[in-house]
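Per-entry structural report
Residue strings, one per chain:
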Amino acid sequence: MAKSPLSVADWQAFEDGWLAPYAMPSRASRGRRHVEPGHEFRSLYQRDRERIVHCTAFRRMTGKTQVLVASVNDHHRTRLTHTLEVTQIARTVARRLRLNEDLTEAIALAHDLGHAPFGHAGEDALDLCLKDHGGFDHNLFGLRRVDELEERYPQFPGLNLSFEVREAFVQHSGRDDAPECAEFRGAGGPLLEAQVADTVDSLAYDTHDTDDALGLGFITLDDLARVDLWAEATRRVRGHTPGLGGQPLRVAVVRELLAWQVADLLEETTRRLEQFRIRSPEDVRAAREPLVAFSPRVRGLKAGRERFLRERVYRHHRVLRMTANGKRILRALFEEYVRSPELLPEKHLRRWIGASDVIGPPPPDWVTAARNPLGCLESVVGDYLAGMTDRYAQLEYRRLFLPSTEL
């Protein structure tokens with residue numbers, strides 16, 4: 001006789017037996033903003049993960065800049081590929097530490113949902129445009145994206161994610177002064193699952209920005225020979241696989257860097273968990289310093305590589321040109337939409353002045369379309385621009401500002 005499929009109760013029983021005492025069990029979640037029935041066989045954080053993967057903002061990350069705009073070539077990282085790489089590494093770390101893998105993965109998948117087009121240049125441009133309206137922070141925009149702007153369910157706005165996934169946006173931002181942060185004040189420090197996603201993010205983008213810069217010819221292997229972290233990883237590779245050069249060496253060193261840093265992260269984190277006698281999620285929240293961290297030596301080596309990236313990659317003339325172009329496009333679009341709000345799509349007009357017969361009624365029974373109007377045109381425009389891909393922003397700029405003969 002065939003056994004019945006596993007239920008959520010079976011999964012919670014598995015968590016009780018598998019998770020470390022300092023991990024976050026799904027049964028202890030603070031739940032969702034909008035009450036909804038649980039699923040028969042999908043756990044809370046599993047549903048969070050899947051809602052994120054299926055949302056519009058997640059798909060748009062394939063057209064958003066990591067460091068270099070997507071028009072350079074189709075090999076370097078985008079926000080989406082970076083996110084997938086972070087998620088894979090974070091899940092590896094979570095499993096080794098016996099943390100909640102579904103929660104870790106959901107936080108990692110969501111961590112860049114709020115990024116504007118054109119990378120950090122786009123964020124800087126929007127922050128300047130919105131300086132009189134609270135500024136722009138990609139983490140807080142990510143929270144607004146999953147809480148309000150995604151429209152996938154008629155019963156509630158946003159994705160209705162769990163408290164633990166949502167609070168990671170605020171903790172990563174380092175801000176708690178914004179109105180949307182009020183419900184997270186007093187919750188304590190970040191859970192280990194959130195710390196893993198945050199720390200692995202820096203591990204991944206430093207390593208992969210270096211790899212992309214090599215691939216695009218911004219730097220050479222000879223340049224990197226003077227970077228201590230890369231030099232040591234190269235020595236390790238030559239020790240176990242002598243004779244490599246060129247592209248095979250580059251690939252092997254990148255792989256070695258990832259493996260070495262992950263191993264160091266696991267060792268140092270385990271040491272800290274024992275040192276501070278962390279025995280529960282409450283102990284994690286009460287800790288006065290990060291528990292997921294690299295050893296002092298690796299932190300120093302990483303800092304040296306980050307200085308190299310700032311000086312030789314992020315200030316490269318091609319990157320600076322892309323940065324200036326992205327800022328110019330977003331500033332021009334912002335000013336034009338504020339001057340002529342009728343250019344905005346209908347659903348964004350609704351957010352500004354509310355649903356009305358003038359701009360068309362909301363779909364029948366679609367609760368989110370009848371939300372209270374936001375009342376601040378600049379904020380609506382900022383949200384609209386932040387959701388664009390690089391390519392769509394460029395096309396909008398050409399449509400609005402270039403003669404039709406030039407399109």
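Structure first, text after, so check above.
Everything numeric in this text was worked out from a predicted model, so none of it was measured. (Residues numbered from 1 in each chain as written. Predicted model: local features only at pLDDT ≥ 70, side-chain atom pairs only at ≥ 80, totals over all residues. Heavy atoms only, no water.)

Secondary structure assignment for the protein yields 18 helices and 0 strands. Among the 407 residues that make up the protein, the fraction classed as buried is 53%. For the protein, the proportion of contacts with a sequence separation of at least 24, taken over those separated by at least 6, is 71%. Put simply, the protein shows about 19300 Å² of open surface, and 53% of that area lies on carbon and sulfur atoms. (Helix = DSSP H or I, 4+ residues; strand = E, 2+ residues; numbered from the N terminus. Buried < 20%, exposed > 50% of the residue type's maximum accessible area, 1.4 Å probe, protein only. Contact = heavy atoms within 4.5 Å. Areas by Shrake-Rupley, 256 points an atom, 1.4 Å probe, with all protein chains shown as cover.)

Right, let's get into the nonpolar core. In terms of nonpolar packing, the biggest core is built from 81 residues, with Ile-52 and Leu-113 touching the most fellow members. Counting residues per element, this core draws most heavily on helix α12 (residues 246-275), at 11 residues. When residues no more than four places from it in sequence are discounted, the contact partners of Leu-113 are Ile-52, Cys-55, Ala-57, Phe-58, Met-61 and Val-146. Counting 26 residues, the second-largest nonpolar core is a separate cluster that includes Ala-116, Leu-149, Ala-332 and Phe-334. (Core = buried A, V, L, I, M, F, W, Y, C linked by side-chain atoms within 4.5 Å.)

The next point concerns the packing of helix α5 (residues 101-110) against helix α9 (residues 192-215). Running from amino to carboxyl end, α5 crosses α9 at an angle of 40°, the nearest separation of the two axes being 9 Å. Judged on the interaxial angle alone, α9 and α5 are oblique. Handedness of the α5/α9 crossing: right-handed. Residues Leu-103, Thr-104, Ile-107 and Ala-108 of α5 form the contact with α9, whose own contacting residues are Glu-193, Ala-194, Val-196 and Ala-197. Here the residues of the contact of α5 with α9 sort into 6 nonpolar, 1 polar and 1 charged. (Axes fitted to C-alpha atoms, helices over the stretch in contact; angles between N-to-C directions. Parallel < 35°, antiparallel > 145°, perpendicular 65-115°, else oblique. Left-handed = near helix turned anticlockwise from the far one by under 90°. Nonpolar A, V, L, I, M, F, W, Y, C, P; charged D, E, K, R; others polar.)

The full count for this structure, using the stated rule, is 6 aromatic pairs. Judged by centre distance (5.6 Å) and plane angle (40°), the rings of Phe-136 and Phe-141 are tilted. Their ring planes at 45° and their centres at 5.1 Å tell us that Phe-163 and Phe-184 sit as a pair that is tilted. Separated by 21 residues along the polypeptide, Phe-163 in helix α8 (residues 163-173) and Phe-184 in the loop between α8 and α9 bring together distant segments of the chain. In this structure, Phe-163 and Phe-184 share a single accessibility class: buried. Of note, Arg-98 hangs over the ring of Trp-18, and the distance from its end group to the ring centre comes to 5.4 Å. The side chain of Arg-236 reaches across the aromatic face of Trp-260, ending 4.1 Å from its centre. (Phe/Tyr/Trp six-rings, centres within 6.5 Å; stacked < 30°, edge-to-face > 60°. Lys NZ or Arg CZ within 6 Å of the ring centre and 35° of its normal.)

It is worth spelling out the pattern of salt bridges at this point. Scanning the model with the defined rule gives 36 salt bridges in all. Here Asp-102 makes a salt bridge to Arg-91, at a shortest N to O gap of 3.8 Å. Taken as a pair, Asp-102 in helix α5 and Arg-91 in helix α4 (residues 79-97) lie far apart in primary sequence, 11 residues in all. Of the charged contacts, one joins Arg-271 and Glu-268 as a salt bridge, the two residues approaching to 2.7 Å between their closest N and O atoms. Here the residue Arg-271 and the residue Glu-268 both occupy positions in helix α12, the gap between them amounting to 3 residues, near one helical turn. Using a relative accessible area of 42% as the deciding quantity, one classes Arg-271 as partly exposed. Connected through shared salt-bridge partners, Arg-42, Arg-49, Glu-50, Arg-91, Arg-95, Glu-101, Asp-102 and Glu-105 make up one network. (Salt bridge = Lys/Arg side-chain N within 4 Å of Asp/Glu carboxyl O.)

As far as function goes, none of this settles anything; it's purely spatial.
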